[in-house]
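# Structural overview for review
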Amino acid sequence: GDAPEPPDTFAFHLWPMKGPFGPLNFFAKLQEIAEHKPGVVIIDSMSHEWIGEGGMLETANSDAVKFFKGNTKAGWLRPRAEQRQFMVRLEAFPFHIIMCVRTREKISMENGGGSLGYNAQLDDDLFYYTRFRFGVTVKRINGALVGGHFDPSFTGFTMPSKSLAKLFVEGK
């Protein structure tokens, strides 16, 4: 993903994941990572489970064509079942999981097209299943992360405590 260079203050391991990005593929990767006994796992980006290659959108569309003569509603049967399995199994892991997601600005089609805030590029079921959500707008210069701030315009997100905000934005 877009992980910055690891700080010197803690062990940092990178476990790359390649598509397909279905819910059960994420679960399999987390099982693999669990063997290393991490304290925290950061998934960058969980949006792949929704919009990525082999993610839920692609799988639902593919299944609709392959198995249901184009019936898009029926195409959601398998990806929804797999996602429910994934969500239930998440709580069994003995480590914290931080899911980073991509966002997309929601634009009003009325009155000149102003911004309505940002929406997570993630299925609503998984988004609302998580216990704590907050949005961070990051600033990059020539690709390097140079800072950021918590952004209240993210739809459905909450603002974190000041100490948590300082940790994520300033690394302190």
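In what follows, the structure referred to is the one given above.
Residues numbered from 1 in each chain as written. Predicted model: local features only at pLDDT ≥ 70, side-chain atom pairs only at ≥ 80, totals over all residues. Heavy atoms only, no water.

## Quick word on the packing of aromatic side chains
Convention followed: Only Phe, Tyr and Trp rings are paired, with Trp represented by its six-membered ring, and only when their centres lie within 6.5 Å; those with planes under 30 degrees apart are stacked, over 60 edge-to-face, the remainder tilted. Only runs of H or I of at least four residues qualify as helices and only runs of E of at least two qualify as strands under DSSP, and these elements are numbered from the N terminus. Exposed residues in this analysis have more than 50% of their type's maximum accessible area, buried residues have under 20%, and partly exposed residues fall in between, with area computed by a 1.4 Å probe over protein chains only.
Summed over the entire model, instances satisfying the criterion amount to six aromatic pairs. Centroid distance F26 to F86: 6.5 Å. Interplanar angle 50 degrees. Geometry classified as tilted. Residue F26 is located in helix α1 (residues 23–34), and its partner F86 is located in helix α4 (residues 77–90); the two are separated by 60 residues in the primary sequence. With a relative accessible area of 4%, F26 lands in the buried category.

## Overview of unusual backbone geometry
Of note, the amide linkage connecting G19 to P20 takes the cis form, showing an omega dihedral of 5 degrees. Tracing the backbone shows P20 in the segment before α1. The omega torsion of the bond from D44 to S45 falls at 25 degrees, within 30 degrees of zero and hence cis. Within the element layout of this structure, S45 appears in the loop between β1 (40–44) and α2 (48–51). One non-glycine residue, K37, adopts positive backbone phi at about 55 degrees. Mapped onto the secondary structure, K37 falls in the loop between α1 and β1. Among the residues examined, K37 registers a relative accessible area of 72% and is labelled exposed. Even without glycine at this site, K69 takes up a positive phi of about 50 degrees. As for its placement among the helices and strands, K69 is situated in the loop between α3 (56–67) and α4. Residue K69 is classed as exposed on the basis of its relative accessible area, which comes to 85%.

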